[in-house]
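So you can see what is in the structure, the chains are spelled out below.
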Amino acid sequence: MNFKCTALVLLACVPLMLAVGIPGGQVDYQTTLTDPNVIFAVNAINEYYSKQGDNQLRTAVKLIHATSQVVSGAMFRYTIEVQVGDKTEVCTVAVWSRPWLTGNEATQLHETPSCGPLAL
């Protein structure tokens, strides 16, 4: 009897989870290129490539996609169209934000950024 009640409660929650997203899962969110975390991401992309010997400035043109995920703080994942000289690239980057911390620990890259040619 207890198992049946538990199963019914869980089944009743499935539509709600599908409608609002699974807790802790990535969800799409709307933001702009002026978002401080997006600005941090673009600067981090340039810093990463500069350390690799690629000093071409990447300038954000368009925010293609953004997701957020509740972790210990918030994980933001961005797909950003950037201009590199006369070329256009798409970069993916993850930013971990923990606003209760200070200094470099508050906002940092979570993974190595990746950029490649824009597929037309």
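Computed from a prediction, not measured in an experiment: that's the story for all the values here.

If you tally the helices and strands in the chain, you get two helices and six strands. Sequence-ordered secondary structure for the chain, helices as α and strands as β, is α-β-α-β-β-β-β-β. In the chain, buried positions account for 31% of the 120 residues. Within the chain, contacts between residues separated by at least 24 positions form 51% of all contacts whose residues are at least 6 apart in sequence. Summing over all exposed atoms, the chain offers an accessible surface of approximately 7,900 Å²; the carbon and sulfur share of this is 61%.

Where two aromatic rings form a pair, the distance of their centres and the angle of their planes describe that pair. Overall, the coordinates contain three aromatic pairs when judged by the stated rule. Where Tyr48 meets Tyr49, the ring centres are 5.0 Å apart and the plane angle is 85°; that geometry is what we call edge-to-face. Of the residues examined, Tyr48 reaches a relative accessible area of 26% and is grouped as partly exposed. Using a relative accessible area of 13% as the deciding quantity, one classes Tyr49 as buried. When the centroid spacing of 6.2 Å and the interplanar angle of 10° are considered together, the rings of Phe76 and Tyr78 count as stacked. Overall, the relative accessible area of 1% leaves Tyr78 in the buried class. Among the aromatic residues, those joined into a cluster by ring pairs are Tyr29, Phe76 and Tyr78.

Reading the values: rules and limits
Residues numbered from 1 in each chain as written. Predicted model: local features only at pLDDT ≥ 70, side-chain atom pairs only at ≥ 80, totals over all residues. Heavy atoms only, no water. Helix = DSSP H or I, 4+ residues; strand = E, 2+ residues; numbered from the N terminus. Buried < 20%, exposed > 50% of the residue type's maximum accessible area, 1.4 Å probe, protein only. Contact = heavy atoms within 4.5 Å. Areas by Shrake-Rupley, 256 points an atom, 1.4 Å probe, with all protein chains shown as cover. Phe/Tyr/Trp six-rings, centres within 6.5 Å; stacked < 30°, edge-to-face > 60°.

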